[in-house]
Amino acid sequence: MPHWTRRRFLATSGAAAVGAALWAAGCGGDPTAEAPPLPERRTASPGPAPSGGATPDGQSPAPAGLAVARGDDPARSTTAALAALGGMPAFVRRGDDVVIKPNICSGAHPPEYAATTDPDVVGTLVALCREAGAASVRVMDSPFGSPADEAYRVSGIAAATERAGGEMVFMSPARFQRFAIPEGRDLTEWDIYRDVLTCDVLINVPIAKDHGLSRLTLGGKNLLGVILDPGQLHTNIGQRTADLVSVCRPTLTVVDAVRILVANGPTGGDLGDVERRDTVIASPDIVAADSYAATLFGLEGGDIPYVRAAYDMGLGEMDLERVDVRSVTA
């Protein structure tokens with residue numbers, strides 16, 4: 001039997017504590033973590049689509065890699081952006097279960113303060129999904145600054161969703177489950193909202209805004225609203241956010257830049273920090289969408305840690321010169 005000195009006991013206890021902390025933080029190897037139940041059509045990395053021509057099977061024109069629509073009506077801009085990508089039927093099939101994830105971080109301010117996704121953008125996406133034949137369209141987020149019902153109401157997203165035939169969902173704690181992150185470089189598992197992984201189509205709808213820690217909140221950062229304990233991702237936030245992107249695999253990212261929050265994000269509170277840009281960006285490539293949105297702040301995709309990390313993991317294209325960017329006026 002080994003002789004347990006005080007020093008040996010403290011060293012062993014410390015190592016065990018570190019191991020437990022790493023496991024709790026998703027950096028260990030929890031054997032109970034379930035493989036992510038993504039539908040097969042959501043597992044491929046999108047990358048930029050070819051410009052013009054036909055798809056490999058020759059059946060339909062290839063959609064644009066990224067669409068940028070500008071106009072003073074958010075609904076028309078959203079519709080125009082999707083039309084430039086081949087229309088919503090390019091992403092949503094008849095009978096699909098669709099989840100839309102906007103940014104509804106708080107109920108402190110109405111949409112004019114650019115802390116939450118524009119309700120007309122969300123409502124238009126719901127309507128387009130319904131027109132494409134979706135069986136269900138659920139809209140959800142995990143507000144941290146207000147109760148969910150208050151945030152849903154004040155943001156205007158609850159009313160817009162219901163008018164368009166969608167359903168606002170309160171994210172039940174019972175639906176979060178520990179899932180493996182097979183491609184994760186830092187996180188190997190995390191508690192993720194199950195429906196986000198099992199739905200046929202996930203549409204990620206961030207608002208473009210300043211963030212003190214990650215520089216900007218865009219598509220990648222918006223996915224922190226589908227997990228438990230998102231604050232733990234603030235350590236090594238760039239890589240950990242990219243790891244989350246690798247398992248969530250949004251079908252489509254639509255960045256609301258109707259208004260952007262240029263300072264004091266993510267919750268804002270001063271209309272002087274808001275700039276009107278009347279822009280909607282859409283792409284099946286989350287890295288490309290975030291890279292383009294970064295240019296609205298005078299930045300590049302590589303300036304945002306989680307965008308660069310996602311690019312390094314092969315999750316999309318950061319070099320906009322390699323993306324088929326299609327600009328339209330709504």
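The shown structure was predicted, so the numbers you read here are calculated from the model rather than taken from an experiment.

S.K.: Describe in detail empty space enclosed by the protein, supporting the description with residues and values.
M.R.: Across all of its chains, the model carries one cavity of 30 Å³ or more by this definition. By volume, the largest cavity is sized at about 30 Å³. In terms of lining residues, the largest cavity is bounded by Gly 220, Val 245, Ile 286, Val 287, Asp 290, Tyr 306, Val 307 and Ala 310. Mapped onto the lining of the largest cavity, the elements with two or more residues apiece are α9 (286-295) and α10 (305-312). Classifying every residue of the lining of the largest cavity gives six nonpolar, one polar and one charged.

S.K.: Please provide a residue-by-residue account of α10, values included.
M.R.: For α10, the full list of buried residues reads Tyr 306, Val 307, Ala 309 and Ala 310. Within α10, the buried residues cover an arc of 165° as seen down the axis, which keeps them to one side.

S.K.: Requested: an account of the packing of aromatic side chains, with residues and values cited.
M.R.: Here the structure, examined in full by the defined rule, presents two aromatic pairs. Measuring from centroid to centroid gives 5.2 Å for Tyr 152 and Phe 170, while their planes differ by 10°, and the two rings are stacked. Of the two residues, Tyr 152 is situated in helix α4 (residues 148-154) and Phe 170 in the loop between β4 (167-168) and β5 (176-180); the sequence distance between them amounts to 18 residues. Classification of Tyr 152 by relative accessible area gives buried; the value is 2%. With 5.0 Å between their ring centres and 70° between their planes, Phe 176 and Tyr 193 make a pair best called edge-to-face. You can see Phe 176 sitting in strand β5 and its partner Tyr 193 sitting in strand β6 (residues 189-193), a full 17 residues away along the chain. Both residues of the pair, Phe 176 and Tyr 193, count as buried.

S.K.: So what's going on with the packing of α9 against α10? Which residues, and what values?
M.R.: Axis separation between α9 and α10 bottoms out at 10 Å; the angle between their running directions is 145°. By crossing handedness, the relation of α9 to α10 is classed as left-handed. In this structure, α9 contributes Val 287, Asp 290 and Ser 291 to the contact, and α10 contributes Tyr 306, Val 307, Ala 310 and Tyr 311.

S.K.: Before we move on, can you summarise the packing of helix α8 (residues 237-248) against α10 with the specific residues and values?
M.R.: The N-to-C vectors of α8 and α10 enclose an angle of 55°; their axes lie 7 Å apart at closest approach. By the angle class used here, α8 and α10 are oblique. The way α8 lies across α10 gives a crossing that is right-handed. Contacts between α8 and α10 involve Ile 237, Gly 238, Gln 239, Thr 241 and Ala 242 from the former and Pro 305, Tyr 306, Ala 309 and Ala 310 from the latter.

S.K.: An account of the pattern of salt bridges is requested, with residue identities and associated values reported.
M.R.: What the rule picks out here adds up to 17 salt bridges. For Arg 138, the salt bridge identified is with Asp 195, shortest N-O distance 2.7 Å. Of this pair, Arg 138 sits in strand β3 (residues 136-139) while Asp 195 sits in helix α6 (residues 194-198), and the two are 57 residues apart along the sequence. Across this residue pair, the class does not change: Arg 138 and Asp 195 are buried. Between Arg 322 and Glu 317 there is a salt bridge, with the nearest N and O atoms lying 3.0 Å from each other. Residue classification places Glu 317 among the buried residues on the basis of a relative accessible area of 7%.

S.K.: Which residues make up the side chain of Asp 243, and what values go with them?
M.R.: Positionally, Asp 243 belongs in helix α8. Although buried, Asp 243 forms no salt bridge, and the nearest oppositely charged side chain, Arg 185, lies 6.0 Å from it. Side-chain polar atoms of Asp 243 contact the backbone nitrogen of Arg 185, separated by 2.9 Å. For Asp 243, the contacting residues outside a window of four places in its chain are Ile 181, Glu 183, Gly 184, Arg 185, Asp 186, Leu 187 and Met 313.

Parameters at a glance
- Residues numbered from 1 in each chain as written.
- Predicted model: local features only at pLDDT ≥ 70, side-chain atom pairs only at ≥ 80, totals over all residues.
- Heavy atoms only, no water.
- 1 Å grid on protein atoms, 1.4 Å probe; cavity = no way out; pocket = protein on both sides within 12 Å on 5 of 7 lines; lining within 4 Å.
- Points joined across faces, edges and corners; volume = space filled by probe spheres on them.
- Helix = DSSP H or I, 4+ residues; strand = E, 2+ residues; numbered from the N terminus.
- Nonpolar A, V, L, I, M, F, W, Y, C, P; charged D, E, K, R; others polar.
- Buried < 20%, exposed > 50% of the residue type's maximum accessible area, 1.4 Å probe, protein only.
- Arc of directions from axis to C-beta.
- Phe/Tyr/Trp six-rings, centres within 6.5 Å; stacked < 30°, edge-to-face > 60°.
- Axes fitted to C-alpha atoms, helices over the stretch in contact; angles between N-to-C directions.
- Left-handed = near helix turned anticlockwise from the far one by under 90°.
- Contact = heavy atoms within 4.5 Å.
- Parallel < 35°, antiparallel > 145°, perpendicular 65-115°, else oblique.
- Salt bridge = Lys/Arg side-chain N within 4 Å of Asp/Glu carboxyl O.
- Lys, Arg positive; Asp, Glu negative; His and termini not counted.
- Polar contact = N/O pair within 3.5 Å; in protein donor to acceptor, adjacent residues only side chain to side chain.

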